[in-house]
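Structure assessment
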Amino acid sequence: PATMCVLEDIYKRRISDAPEVHARECLAMGFELLEGGEYDKSLAYFEHALKQHQTAPAAFEGKLRALWGKEDYDSMRKAIDYELRQFPDDTTAYEYLSHLYVKDEDWDGALECYDKIIEITPYDENPYIAKSELLVNMGEYDKACEVIENVLERYPDSERANFQMGKTCMAQGEYGMAVSY
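Below is a summary of the structure that appears in this document. None of these values were measured; they are calculated from a predicted model.

**Section: the state of the cysteines**
According to the stated counting rule, one finds zero disulfides in the structure shown. Residue Cys145 stays outside any disulfide, its sulfur separated by 5.4 Å from that of Cys169, the closest cysteine. Looking at Cys169, the relative accessible area reads 1%, which means it is buried.

**Brief notes about the side chain of Ser98**
Considering the arrangement of structural elements, one finds Ser98 in helix 5 (residues 91–103). For Ser98, a relative accessible area of 0% translates into the label buried. Among residues more than four places away in sequence, those in contact with Ser98 are Ala110, Cys113 and Tyr114.

**Considerations on the nonpolar core**
Side chains that are nonpolar tend, in soluble globular proteins, to be buried together. In this structure, Leu64, Met76, Ile80, Leu84, Leu97 and Met165 are the most contacted members of the largest nonpolar core, which totals 42 residues. If we skip the residues at most four places from it in the chain, Leu64 touches Met76, Ala79, Ile80, Thr92 and Tyr96.

**Brief notes about a negative patch on the surface**
Taken together, the side chains of Asp142, Glu146, Glu149, Glu153 and Glu174 make up a negatively charged region of the molecular surface. Residue position: Glu149 is located in helix 8 (residues 141–154).

**Comments concerning unusual backbone geometry**
The phi torsion at Glu71 lies on the positive side, around 60°, for a residue other than glycine. Residues other than glycine seldom take positive phi values, yet Glu105 does so here, at roughly 60°. Within the secondary structure, Glu105 is located in the loop between helix 5 and helix 6 (107–120).

**Some remarks on the packing of helix 4 (residues 73–86) against helix 5**
Here helix 4 crosses helix 5 at 145°, and the two axes come no closer than 10 Å. Relative to helix 5, helix 4 is oriented so that their crossing is left-handed. Here Tyr73, Met76, Arg77, Ile80, Glu83 and Leu84 of helix 4 lie close against helix 5, whose contacting residues are Ala93, Tyr94, Tyr96, Leu97, Leu100, Tyr101 and Lys103. Across the contact of helix 4 with helix 5, the residue classes break down as ten nonpolar, no polar and three charged.

**Examining the pattern of salt bridges**
Summed over all chains, the structure comprises eleven salt bridges. Across the pair Lys70 and Asp40 runs a salt bridge whose closest N-O atoms are separated by 2.6 Å. Linking Lys70 in helix 3 (residues 56–70) with Asp40 in helix 2 (residues 39–49), this pair joins segments that are 30 residues apart in sequence. The residue Glu47 makes a salt bridge to Lys63 at a minimum N-O spacing of 2.9 Å. Taken together, the positions of Glu47 in helix 2 and Lys63 in helix 3 put the pair 16 residues apart, joining distant regions of the chain.

**Concerning the packing of helix 6 against helix 7 (residues 125–137)**
At a minimum axis distance of 9 Å, the contact between helix 6 and helix 7 shows a crossing angle of 160°. On the basis of the axis angle, helix 6 is roughly antiparallel to helix 7. Regarding helix 6 and helix 7, the two cross each other, and that crossing is left-handed. Mapping the contact onto sequence places Trp107, Ala110, Leu111, Tyr114, Asp115, Ile117 and Ile118 in helix 6 and Pro127, Tyr128, Ala130, Lys131, Leu134 and Leu135 in helix 7.

Parameters at a glance
- Residues numbered from 1 in each chain as written.
- Predicted model: local features only at pLDDT ≥ 70, side-chain atom pairs only at ≥ 80, totals over all residues.
- Heavy atoms only, no water.
- Disulfide = S-S within 2.5 Å.
- Buried < 20%, exposed > 50% of the residue type's maximum accessible area, 1.4 Å probe, protein only.
- Helix = DSSP H or I, 4+ residues; strand = E, 2+ residues; numbered from the N terminus.
- Contact = heavy atoms within 4.5 Å.
- Core = buried A, V, L, I, M, F, W, Y, C linked by side-chain atoms within 4.5 Å.
- Patch = residues over 30% accessible without salt bridge, like charges linked within 9 Å, V, L, I, M, F, W, Y side chains within 5 Å.
- Areas by Shrake-Rupley, 256 points an atom, 1.4 Å probe, with all protein chains shown as cover.
- Salt bridge = Lys/Arg side-chain N within 4 Å of Asp/Glu carboxyl O.
- Lys, Arg positive; Asp, Glu negative; His and termini not counted.
- Charge placed at Lys NZ, Arg CZ, Asp CG, Glu CD.
- Axes fitted to C-alpha atoms, helices over the stretch in contact; angles between N-to-C directions.
- Left-handed = near helix turned anticlockwise from the far one by under 90°.
- Nonpolar A, V, L, I, M, F, W, Y, C, P; charged D, E, K, R; others polar.
- Parallel < 35°, antiparallel > 145°, perpendicular 65-115°, else oblique.

In structure tokens form, the structure reads like this:
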């Protein structure tokens, strides 16, 4: 009887792990297909991986990347809208929404997305750098510098922030200053 209880316990644990294991396998296969440019096939695997909370965040990002690769922007926007209704602080959703806004040349919408990401994750330098890059592309050099200076105050040794400040200086024609970054 004791052996049976141990076997039952092992069996129950194996069965309860199966959906999570399957989801991780689907996630891995989805990214493999995505990297090979097989967007439709990858989406099917990401949909399976979205069903488990352990793999859902990565699967959501994979799904958005596949939709972007397919240039299926309507489905992408619907997925983002749905995600933000469920999880209003999902920075991945805002990041990809900003890409859609940039594609549509809606600079204010993209900047609002970056501001929201910064509000949610104020200690992550990535949204600041992305916002600065957009501001440089818009010709808003002074605003871009302010954004990067904010990052450099927190992370003076950040290679990415220093590089972005150098690019911003180059865009302004301040070559001597750019070299110092």
